[in-house]
Amino acid sequence: MNIRHNRLARLVALTVVVSMPLLGMAGVASAKTAKAAPNCVKHPNRAKCLNSGGGSASGGGTGGPPVQITVEVDPNALVETGQSEVHAVIQVETLPSFAGDEVNIDSSQLDASCLGGISFTSVAGAPAAAPLDGVVISHHEISVVLDDDGNATVFVDGTDCAPGTDVVEADLEVAPFLTALTTLTVNPPAVTAEGVSGYPQTAGVAEEVETGDTSTSGDSDIYAVFYVETNPVYAEQQVEIASAQLEGRCIRAWAWAAGNSAGVGVTPTTPNPLVAQLGGVNTGAPVNTILDDDGNAVFEFAGVSCASGPSEVIADVLAGSHPTYVTEFTVEPPAPTI
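A. Spatial organisation of the pattern of salt bridges. For the structure shown, the criterion picks out 1 salt bridge. The residue Arg252 makes a salt bridge to Asp219 at a minimum N-O spacing of 3.0 Å. Here the residue Arg252 occupies a position in strand β17 (residues 250-258), and Asp219 occupies one in strand β15 (residues 218-229), the gap between them amounting to 33 residues. Since its relative accessible area comes to 11%, Asp219 is described here as buried.

Set out below in structure tokens:
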């Protein structure tokens, strides 16, 4: 296993030895708000909400049977950071009738494009005694359980990746053995517009429907990727990210992981490639990493048993005039999405 490509894997070692009374609090239930209306009611023009003749989200919305399974990667297209790294969120959405079934997610093309390899990460199925002990890191492909709304979400990470297009596939592992495909576009490292952007997005708005409402599919889990882009004059300087609101929403546990090869040859504090906690607002230092030569960096956030609502996310460059970038990320409760 190549640990530097799986920074979330280290949160297992950080958390399994910790025990806190708050795990038994009735507040865990408060993260499970009433289920919202399906996203396709709110966003009827999303590709995943249109009809097509097959399993993938394509077509113009007329003719053919309704879509039964879709797979989406965010961001798409993405700009590599650091050591030609890829960091994204993959969302699989099916009909609620497939709840409890397993879906396999893989991309042999992306795997072949990344000399440093790829990995998939899921925080579903974490036991109450050690909230992030359920983290699953899988190379090449991963199998996850669909929640009661027919949804599942994972991270995908890769290093030393060649730019280009790569097909990502999601396969239902039981009858009717449906398949969904999408194409991820990977662009080489480049100078980009300044700011911080959260993913997944809907029509340019950073938002995500939580996944998991069973013991095997997860517990109102969040998977988010934040790309920080600043002036390349700050190349090789430190940047940190934090969100007291987003952290506070996650009652059982949460973790920040830093990209840009932050786990290679660094001290525990400078930079800090991983920050994990058993729920609540961060009581320690924010996670940070090094900006690449184009002034870009990436962070991942995973949360367990998280309440829905909007959260402010703040990124700070720790050099020069200390530019600060702010974005909003909205968490929506588990709900059918197709």
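B. The arrangement of the sheet that holds strand β6 (residues 136-139) in detail. In spatial order, the strands read β1-β3-β8-β5-β6; together these 5 strands make up an open sheet with antiparallel pairing. Edge positions in the sheet fall to β1 (69-74) and β6, since each has one partner strand and no second. The sheet shows a mean angle of 25 degrees between the axes of neighbouring strands, taken without regard to direction. For strand β5 (residues 118-122) and β6, the ladder comprises 4 bridges, and the chain directions are antiparallel.

C. Structural context of unusual backbone geometry. The amide bond that connects Asp74 to the next residue, Pro75, takes the cis arrangement and shows omega of -5 degrees. Counting through the fold element by element, Pro75 comes out in the loop between β1 and β2 (78-79). The phi torsion at Ser84 lies on the positive side, around 50 degrees, for a residue other than glycine. Summarising the element assignment, Ser84 is placed in the loop between β2 and β3 (86-94). With relative accessibility at 22%, the residue Ser84 sits in the partly exposed group. Notably, His140 is not glycine yet its phi reads approximately 75 degrees, a positive angle. Residue position: His140 is located in the loop between β6 and β7 (141-145). Among the residues examined, His140 registers a relative accessible area of 48% and is labelled partly exposed.

D. Geometry of the nonpolar core. If you look at the biggest cluster of nonpolar residues, it comprises 41 residues, and the most contacted ones within it are Ile90, Ile105, Phe120 and Leu184. Examining the composition of this core, we find that 5 residues originate from one element, β3, more than from any other. Ranked by size, the runner-up nonpolar core spans 28 residues in total, among them Ala206, Phe226, Tyr234 and Trp254.

E. Representation of the pairing of β1 within the structure. β1 sits mainly inside the fold: 6 of its 6 residues count as buried. Residues of β1 alternate between two faces, with Ile69, Val71 and Val73 on one and Thr70, Glu72 and Asp74 on the opposite face, all of them buried.

F. Expanded view of the side chain of Thr327. As for its placement among the helices and strands, Thr327 is situated in strand β22 (residues 324-332). Thr327 has contacts with Val196, Gly198, Phe226, Ser311, Glu312 and Val313, leaving out every residue within four places of it along the chain.

G. How the structure looks around the state of the cysteines. Scanning the entire structure with this criterion turns up 2 disulfides. Here Cys114 is linked by a disulfide to Cys161, with a sulfur-sulfur distance of 2.0 Å. Across the disulfide from Cys114 to Cys161, rotation about the S-S bond amounts to roughly 105 degrees, and the bridge is consequently right-handed. Placement of the pair is Cys114 in the loop between α3 (108-113) and β5 and Cys161 in the loop between β8 (151-158) and β9 (164-172), with a sequence separation of 47 residues. Judged by relative accessible area, which is 3%, Cys114 ranks as buried. Judged by its relative accessible area of 4%, Cys161 falls in the buried class. Residue Cys250 pairs covalently with Cys306 via a disulfide, S to S 2.1 Å. One disulfide, between Cys250 and Cys306, carries an S-S torsion of 105 degrees and so falls in the right-handed class. Taken together, the positions of Cys250 in strand β17 and Cys306 in strand β20 (residues 296-306) put the pair 56 residues apart, joining distant regions of the chain.

H. Geometry of the sheet that holds strand β10 (residues 179-187). The sheet built from 5 strands is open, its strands ordered β2-β10-β9-β4-β7 with mixed pairing. Two strands lie at the open edges of the sheet, namely β2 and β7, each paired on one side alone. Two elements, strand β4 (residues 102-106) and β7, share 5 bridges in a ladder whose sense is antiparallel. Each bridged residue has a counterpart across the sheet, and for Val103 the counterpart in β7 is Val144.

About the cut-offs
- Residues numbered from 1 in each chain as written.
- Predicted model: local features only at pLDDT ≥ 70, side-chain atom pairs only at ≥ 80, totals over all residues.
- Heavy atoms only, no water.
- Salt bridge = Lys/Arg side-chain N within 4 Å of Asp/Glu carboxyl O.
- Helix = DSSP H or I, 4+ residues; strand = E, 2+ residues; numbered from the N terminus.
- Buried < 20%, exposed > 50% of the residue type's maximum accessible area, 1.4 Å probe, protein only.
- Pairing = 2+ DSSP bridges.
- Axes fitted to C-alpha atoms, helices over the stretch in contact; angles between N-to-C directions.
- Core = buried A, V, L, I, M, F, W, Y, C linked by side-chain atoms within 4.5 Å.
- Contact = heavy atoms within 4.5 Å.
- Disulfide = S-S within 2.5 Å.

It is worth stressing that arrangement in space is one thing and function is another; only the former is reported here.
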